[in-house]
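These are the residues of each chain, in order.
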Amino acid sequence: MSRGDRCAALVPQAEGATVPYYASASELNSYWQSVFPNKAMPSAILDHLSAPSGNEKKVKESEHYWSVYLDQLTKGDAKIFHNWAHRIASEKLLYPESVFTAGSKINLYIDRAAALHSAWHRHDTADSIPMSTKNFTEIVMTFVPVSLAMAHDMWSTLRSCEHPREVAGEQKACTMSVESMHGFAASTLGTNDLRAISTSLDVPEDGINSPSNRYKVAAVRAVTAKAAANTITCHSMSFPVALFYCHAVNPTRMYEVTLQRDREDNDVPVLKTPPVVRAIAVCHVNTSGFDPTLKYWVKLGRKPGQASVCHFLTRGDILWVPASAA
């Protein structure tokens, strides 16, 4: 069974009967227009509607398939599950805010978008899934057959969702439906009048890793009207269905940055990177609660709280901003 088939699988209700748990495009569009009239859905939400759908399955047909992997997993080294990574674990993804000025040159690193085409859950069924590592086998059985690689990713995602707040004052939640994501953003930001923004489609799904080819900042535009605003960033995570890790480390400043591949690097072979990239950069202004051991601070010659920390959104990320600040 392909990943697309697995994304479109059905949740068993009674013996011999199944109901779909994925949300259709019409259902999502109806909800979106009810809360954001005449506003287009961000591309990061639409991408998850491109997953194939329509196949049915029953759990019993797949129990043996998963049991083979379960045996390997339970007998294997448990550490492989606990090596989950922070979203900003790779410090090359971090930038000082000063680079977002026209004419600056940077080595551009934008992380890949995880599980960009996994199907959206229906809100009612998403809330019924016990999202905990304690229920790992039960969760995996919902999506069987599951490869070892996907099982590892699922465990890592669940661990990230369970982990205590990584930054002092951080608010976070893992959401499996558009309704839940919108609800968390509205509750955290204290308003239902929001704008959802995703990065431009010219940011590749696999991200950008340009250690040799530098980019020049061609233009910078502030996304928010205020000097700093409260926002929510939702990151797409590796899971058989759409799952977003949403968190708030406020206040933030956001920029739409247009970058052009530097033509002055004529002696360097051109990699397969876009000549022009428009991306959203998020800068965390209050960094006093950030990890002081990050090499980022050594590179800047600063300490947490003395400088902002910025990173680019991936193709699969969604930024929620109060309409009054956008």
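For the structure itself, consult the block above.
Because the structure is a prediction, the values reported are computed rather than measured.

Student: I'm lost on the overall build of the chain in this one. Help?
Tutor: Helix and strand content of the chain: ten helices and twelve strands. The proportion of buried residues among the 326 residues of the chain is 48%. Nonlocal contacts in the chain, meaning residues at least 24 apart in sequence, comprise 78% of its contacts between residues at least 6 apart. Accessible surface for the chain amounts to roughly 15,300 Å². Of this, 50% is attributable to carbon and sulfur atoms.

Student: Please clarify how the sheet that holds strand β5 (residues 194-197) should be interpreted in this entry.
Tutor: The strands making up a sheet are joined through hydrogen bonds of the backbone, oriented either antiparallel or parallel. One open sheet holds the five strands; their spatial order is β4-β8-β7-β12-β5, and the pairing between them is antiparallel. Edge strands, defined here as strands with exactly one partner in the open sheet, are β4 (171-175) and β5. Averaged over all adjacent pairs, the angle separating strand axes in this sheet is 20°, with direction ignored. Both β4 and strand β8 (residues 244-248) contribute to a ladder of five bridges, which runs antiparallel.

Student: For this particular structure, what's the right way to read helix α2 (residues 25-35)?
Tutor: Buried residues of α2: L28, Y31 and W32, and no others. Along α2, the residues classed as buried sweep out an arc of 100° about the axis, all on the same side. If you follow the buried residues of α2, they end up packed against α3 (43-46), α9 (178-189), β5 and β12 (318-322).

Student: Explain unusual backbone geometry to me, please; I cannot follow it from the model alone.
Tutor: For residues other than glycine, phi is negative in most cases, and the peptide bonds are mostly trans. Residue P251 is bonded to the preceding N250 through a cis peptide linkage, with omega at 0°. Looking at where P251 falls in the secondary structure, it is placed in the loop between β8 and β9 (252-261). A positive phi is found at N38, a non-glycine position, where the angle reads about 65°. If you trace the backbone, N38 turns up in the loop between α2 and α3.

About the cut-offs
- Residues numbered from 1 in each chain as written.
- Predicted model: local features only at pLDDT ≥ 70, side-chain atom pairs only at ≥ 80, totals over all residues.
- Heavy atoms only, no water.
- Helix = DSSP H or I, 4+ residues; strand = E, 2+ residues; numbered from the N terminus.
- Buried < 20%, exposed > 50% of the residue type's maximum accessible area, 1.4 Å probe, protein only.
- Contact = heavy atoms within 4.5 Å.
- Areas by Shrake-Rupley, 256 points an atom, 1.4 Å probe, with all protein chains shown as cover.
- Pairing = 2+ DSSP bridges.
- Axes fitted to C-alpha atoms, helices over the stretch in contact; angles between N-to-C directions.
- Arc of directions from axis to C-beta.

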